[in-house]
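# Summary of the model geometry
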Amino acid sequence: MADMYFIVWETVTSLMIMLLLVAYIVYSRMAARYNAIADETKKNARIGNLKAKTRMILGGLLFIGGLYWLYFIQTHEIYITKSLRGPHDMAPPIIMSLIGLAVLVAGLRQSKAQ
């Protein structure tokens, strides 16, 4: 089972790097397009909206990814012996989910403030 965990870890890591790269490219191109707007009020509103949407999307992905990671650890046996299992297995996905939830809430607050 350790081989399966390594394959899953490698796949998720690769997909996350690609997703973050695409998100950065899209965000920077949209921000550059919005910075070209002459009207200062409209420009600031669109950039603020873009930031809020980006936070909500990335926060949601982090939150869901952390929950799925926690589910995967609970439903699959990934260690050779059961003695290697412990509470340290739960810490990374819980922390990831909490960070995702914080980013998601920050994006929602920023979105409602506009």
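Since the model is a prediction, treat every value here as computed from it, not as a measurement.

## Quick notes on the confidence of the model for the chain
Looking at the chain, pLDDT values average 85 and 93% of them are 70 or higher. When pLDDT is averaged over each helix and strand of the chain, the minimum, 84, is found for helix H1 (residues 2-35) and the maximum, 91, for helix H3 (residues 91-113).

## Quick look at the packing of aromatic side chains
Evaluation of the coordinates by the stated rule reveals one aromatic pair. Relative to Tyr71, the ring of Tyr68 has its centre 6.1 Å away and its plane inclined at 40°; by these criteria the two rings are tilted. Taken together, the residues span about one helical turn, with Tyr68 and Tyr71 both in helix H2 (residues 40-75) at a distance of three residues. Owing to a relative accessible area of 52%, Tyr68 belongs among the exposed residues under this scheme.

## With respect to a nonpolar patch on the surface
A cluster of nonpolar side chains, contributed by Met16, Leu19, Leu20, Ile57 and Leu61, occupies part of the molecular surface with about 410 Å² of accessible area. Mapped onto the nonpolar patch, the elements with two or more residues apiece are H1 and H2. Tracing the sequence through the fold places Ile57 in helix H2. We classify Ile57 as exposed; its relative accessible area is 56%.

## Considering H2
For H2, built from 36 residues, the straight-helix expectation of 52 Å at 1.5 Å per residue is met to within 8% by its first-to-last C-alpha distance of 52 Å. Turning to H2, its buried residues number three or more, namely Lys43, Ile47, Gly48, Leu50, Ala52, Gly59, Gly60, Gly66, Trp69, Phe72 and Ile73.

## Some points on the nonpolar core
Of all hydrophobic cores here, the largest spans five residues; its members are Ala31, Tyr34, Ile37, Ile47 and Leu50. When contributions to this core are tallied by element, the ones reaching two or more residues are H1 and H2.

## Considerations on H3
The periodicity of an α-helix, 3.6 residues per turn, causes residues three or four positions apart to be oriented the same way. Given a rise of 1.5 Å per residue, 23 residues ought to cover 33 Å, and the 33 Å separating the end C-alpha atoms of H3 matches this to within 8%. Along H3, the positions that sit buried rather than exposed are Pro93, Ser97, Gly100 and Gly107. Check the buried side of H3 and you find it contacts H2.

Reading guide: rules and limits
- Residues numbered from 1 in each chain as written.
- Predicted model: local features only at pLDDT ≥ 70, side-chain atom pairs only at ≥ 80, totals over all residues.
- Heavy atoms only, no water.
- pLDDT = per-residue confidence, 0-100.
- Helix = DSSP H or I, 4+ residues; strand = E, 2+ residues; numbered from the N terminus.
- Phe/Tyr/Trp six-rings, centres within 6.5 Å; stacked < 30°, edge-to-face > 60°.
- Buried < 20%, exposed > 50% of the residue type's maximum accessible area, 1.4 Å probe, protein only.
- Patch = residues over 30% accessible without salt bridge, like charges linked within 9 Å, V, L, I, M, F, W, Y side chains within 5 Å.
- Areas by Shrake-Rupley, 256 points an atom, 1.4 Å probe, with all protein chains shown as cover.
- Salt bridge = Lys/Arg side-chain N within 4 Å of Asp/Glu carboxyl O.
- Expected span 1.5 Å × (residues − 1).
- Core = buried A, V, L, I, M, F, W, Y, C linked by side-chain atoms within 4.5 Å.
- Contact = heavy atoms within 4.5 Å.

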